[in-house]
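Examination of the molecular architecture
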Amino acid sequence: MTKREYPKEMRQDEWLKRQNYFLEEQNKRLKIELSESKEYINVLINKLKIYQSKQ
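A brief structural summary. (Residues numbered from 1 in each chain as written. Predicted model: local features only at pLDDT ≥ 70, side-chain atom pairs only at ≥ 80, totals over all residues. Heavy atoms only, no water.)

Let us look at the overall build of the protein. The number of helices and strands found in the protein is 1 helix and 0 strands. By the compact-globule yardstick of 10 Å for 55 residues, the protein is too spread out, its C-alpha radius of gyration being 24 Å. Seen through its C-alpha atoms, the protein measures out along the principal axes to roughly 75 × 30 × 10 Å. Working note: accessible area of the protein is about 6,300 Å², and carbon and sulfur atoms make up 55% of it. Where the 13 positive side-chain charges of the protein centre and where its 9 negative ones centre are 5 Å apart. (Helix = DSSP H or I, 4+ residues; strand = E, 2+ residues; numbered from the N terminus. Rg over C-alpha atoms; globule rule 2.2 N^0.38 Å. Areas by Shrake-Rupley, 256 points an atom, 1.4 Å probe, with all protein chains shown as cover. Lys, Arg positive; Asp, Glu negative; His and termini not counted. Charge placed at Lys NZ, Arg CZ, Asp CG, Glu CD.)

This is the structure in structure tokens:
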């Protein structure tokens, strides 16, 4: 039977650095997603305007 290894305690500043990195990466991803969503919505709005003008 092997001895179970547990994660070592992390200093608070190290934990904060890791959290900050994670949040920065998440923020980048969400900004991209938001930008893509806005672009898609604008495409749909333009298509709707074209459709309505043909009515």
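Read on for the rest.
Attention now moves to a nonpolar patch on the surface. Taken together, the side chains of M10, W15 and L16 define a hydrophobic patch exposed on the protein surface, amounting to about 290 Å² of accessible area. Of note, L16 is situated in helix α1 (residues 12–53). Among the residues examined, L16 registers a relative accessible area of 43% and is labelled partly exposed. (Patch = residues over 30% accessible without salt bridge, like charges linked within 9 Å, V, L, I, M, F, W, Y side chains within 5 Å. Salt bridge = Lys/Arg side-chain N within 4 Å of Asp/Glu carboxyl O. Buried < 20%, exposed > 50% of the residue type's maximum accessible area, 1.4 Å probe, protein only.)

A few words now on the pattern of salt bridges. If you walk through the whole model with that rule in mind, you get 4 salt bridges. In this structure, D13 and R11 form a salt bridge, with 2.6 Å as the shortest nitrogen-oxygen distance. Judged by relative accessible area, which is 35%, D13 ranks as partly exposed.

Everything listed here is a matter of coordinates, which is why it stays silent on function.
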